[in-house]
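# Coordinates in review
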Amino acid sequence: MTDAADAALAAQYEAYPYPLRDPRDEAKRLVVGSPSHLREVDHWIFGARRPAATPLQALVAGGGSGDATVMLAQQLAWAGRPGGVTWLDRSAAARKVAGARVAARSLSNVTFAEASILDLPGSGLGPFDYIDCCGVLHHLPDPLEGLRALVSVLAPGGGIGLMVYAPHGRTGVYMLQDALRLLAPPDEPPAQRVDVAKRLWKQAPETAWLRRNPWITDHLKGGDAGIYDLLLNPRDVAFSVPALAALVDGAGLEIRCLVEPFRYDPDSFLTDPRLRERTARLDPVQRAALAEAAAGNMGIHIAYCVRRGEAVLPDWTDPAAVPVLRELDAAKVAAGIPGDGILRVAADGLVVPVALPRLAAAIIARVDGRRSVGEIGDQLAANGVSREVFAKDFAALARALERVNRLLLAAA
């Protein structure tokens, strides 16, 4: 199902591939994020049970200018992992940018397909072990149809990483979108509309809610593509946590993890015992909805999903499991633990204390992506730490740092 807004979206991404990227920058940095970080996929989708030697076939549905495609393909290549990534999008302009970025890195594990995700059923593509769909469903005429199209090419035991817009953290965005529909109607040329949007932002009074929203920056840092995508997009639907959960359920999926988990736990910042008595009565979706509404700073939701009933949980008690840190240097983290053992973790202005066990520094210093839990325990036992104390502190550390999406388990 398509309509005038859908046609306008297609034209938008031809004029302004999103996000704005320069392939020359690949020589100096890799854009890393969620969803689709390889360590997150191994942990949250496969429970660290899927062997690293098993080829991983991934689809980036709505690949745009290539962030997720390049990140996942590069991480697979660096790890010497078999498999590949298929970029799928209907924008030829975006494909040109993504292709140049892939070429700049000499990646040979990426293929390209120009099509809509709605064309996936019966396309012959797939099945895919992992599917990324970041920033796409909220632009579709029917998001559930789009998600079901993805599920149609999902391999058994596989999973999907989603990103959709969230309402509260985007306060101010939809007000300016309303204003720009009056000043820069959708039937005007894209460049002309961007010029009007820039002029309006420059003249918008201090009372404009977007001026008071520090978490939305695309119109400030994303170039013309960012301005167009944020303020001139012809279809932009935000999902609350309950709405996202209903969408996922309607496609036969369940949410395995909302990233980062601590942000969706109201007890992260509600310490009043009377309030916690009430949060304890809520189901997981209600708890996440409470955290979303009370914090007010979530502009997006990132979710890892699997088919209903197929969730496989990581086994932190397995001595053969290998812990890994996500984008952190073990030595620096260990040395930087405060004397009181409390890490202060920040997320879009929200600062949450994370209590760490006594052995946290000693354990983290030994997390190198190669040592198993058992081997770390053996090394500490040689230094006089009892097995019981290690097991207790490791379990506490895993609970604390998994919640902030920093300590995960590697693929088997």
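First things first, this report covers the structure right here in the doc. (Residues numbered from 1 in each chain as written. Predicted model: local features only at pLDDT ≥ 70, side-chain atom pairs only at ≥ 80, totals over all residues. Heavy atoms only, no water.)

### Side note on the overall build of the protein
Rules: The helix count covers DSSP runs of H or I at least four residues long, the strand count covers runs of E at least two residues long, and both are numbered beginning at the N terminus. Atoms counted for the radius of gyration: C-alpha only. Globule rule: 2.2 Å times the number of residues to the power 0.38. Any two residues whose heavy atoms approach within 4.5 Å at even a single point are treated as in contact. Residue exposure ignores everything except the shown protein chains as possible cover, and the areas themselves are Shrake-Rupley values with a 1.4 Å probe.
The number of helices and strands found in the protein is 16 helices and 11 strands. At 22 Å, the protein has a C-alpha radius of gyration in line with the 22 Å of a compact globule built from 412 residues. For the C-alpha atoms alone, the extent of the protein along its principal axes is close to 75 × 50 × 40 Å. In the protein, once contacts between residues fewer than 6 apart in sequence are set aside, the share between residues at least 24 apart is 80%. Summing over all exposed atoms, the protein offers an accessible surface of approximately 18,200 Å²; the carbon and sulfur share of this is 55%.

### A word on helix α16 (residues 387-402)
The cut-off we apply is this: Multiplying 1.5 Å by the residue count of a helix minus one yields the expected span of that helix. Exposure classes here rest on a 1.4 Å probe applied to the protein chains alone. A residue is buried below 20% of its type maximum, exposed above 50%, and partly exposed in between.
End to end, α16 covers 22 Å across 16 residues, agreeing with the expected 22 Å (1.5 Å per residue, within 8%). Among all positions of α16, only Phe 390, Asp 393, Phe 394, Leu 397, Ala 398, Ala 400, Leu 401 and Glu 402 are buried. Elements in contact with the buried residues of α16: α2 (38-45), β9 (342-347), β10 (350-355), α14 (360-364), α15 (373-382) and β11 (407-409).

### Details of the pattern of salt bridges
We apply this condition: By salt bridge we mean one thing: a side-chain nitrogen of Lys or Arg within 4 Å of a carboxyl oxygen of Asp or Glu.
Evaluated as defined, the whole model comprises 28 salt bridges. A salt bridge links Arg 387 to Asp 378, with the nearest nitrogen and oxygen atoms 2.6 Å apart. According to the relative accessible area criterion, Asp 378 is partly exposed, its value standing at 40%.

### Let's talk about the pairing of β9
Short version of the rule: The criterion for strand pairing is that DSSP finds at least two bridges linking the strands in question.
Pairing of β9 with β10, which is carried by six bridges, proceeds in the antiparallel orientation. Each residue of the ladder has a partner; that of Ala 347, found in β10, is Leu 350. Once β9 ends, the chain turns through two residues before running back antiparallel as β10, passing Asp 348 with a positive phi of about 50°.

### Quick look at the sheet that holds strand β3 (residues 110-114)
Put simply, the rule reads: Inter-axis angles, ranging from 0 to 180 degrees, are taken between N-to-C directions of lines fitted to C-alpha atoms, where helices are fitted over the stretch in contact.
Taken in spatial order, the seven strands line up as β3-β2-β1-β4-β5-β7-β6 in an open sheet, and their pairing is mixed. Looking at strand neighbours, the two that pair on one side only are β3 and β6 (253-259), the edges of this open sheet. Neighbouring strand axes in the sheet, compared pairwise and without regard to direction, differ in orientation by 20° on average. Strand direction decides the pairing type here: β6 and strand β7 (residues 300-307), joined by six bridges, are antiparallel.

### Examining the packing of aromatic side chains
Selection criterion: Side-chain rings of Phe, Tyr and Trp, where Trp is taken by its six-membered ring, are said to pair if the distance between their centres is within 6.5 Å; with planes under 30 degrees apart they count as stacked, over 60 as edge-to-face, and otherwise as tilted. When the NZ atom of lysine or the CZ atom of arginine is within 6 Å of a ring's centre and also within 35 degrees of its normal, the charge is said to sit over that ring.
In the structure shown here, the tally under the stated rule is four aromatic pairs. Each ring, one from Trp 316 and one from Phe 394, has its centre 6.0 Å from the other, and the planes form 55°; the classification is tilted. Placement of the pair is Trp 316 in the loop between β7 and β8 (323-325) and Phe 394 in helix α16, with a sequence separation of 78 residues. Here the two residues Trp 316 and Phe 394 agree in accessibility, since each one is buried. Each residue in the set Trp 316, Phe 390 and Phe 394 is aromatic and connected to the rest through ring pairs, giving one cluster. Positioned over the ring face of Phe 46 is Arg 50, at 5.1 Å from the centre of the ring.

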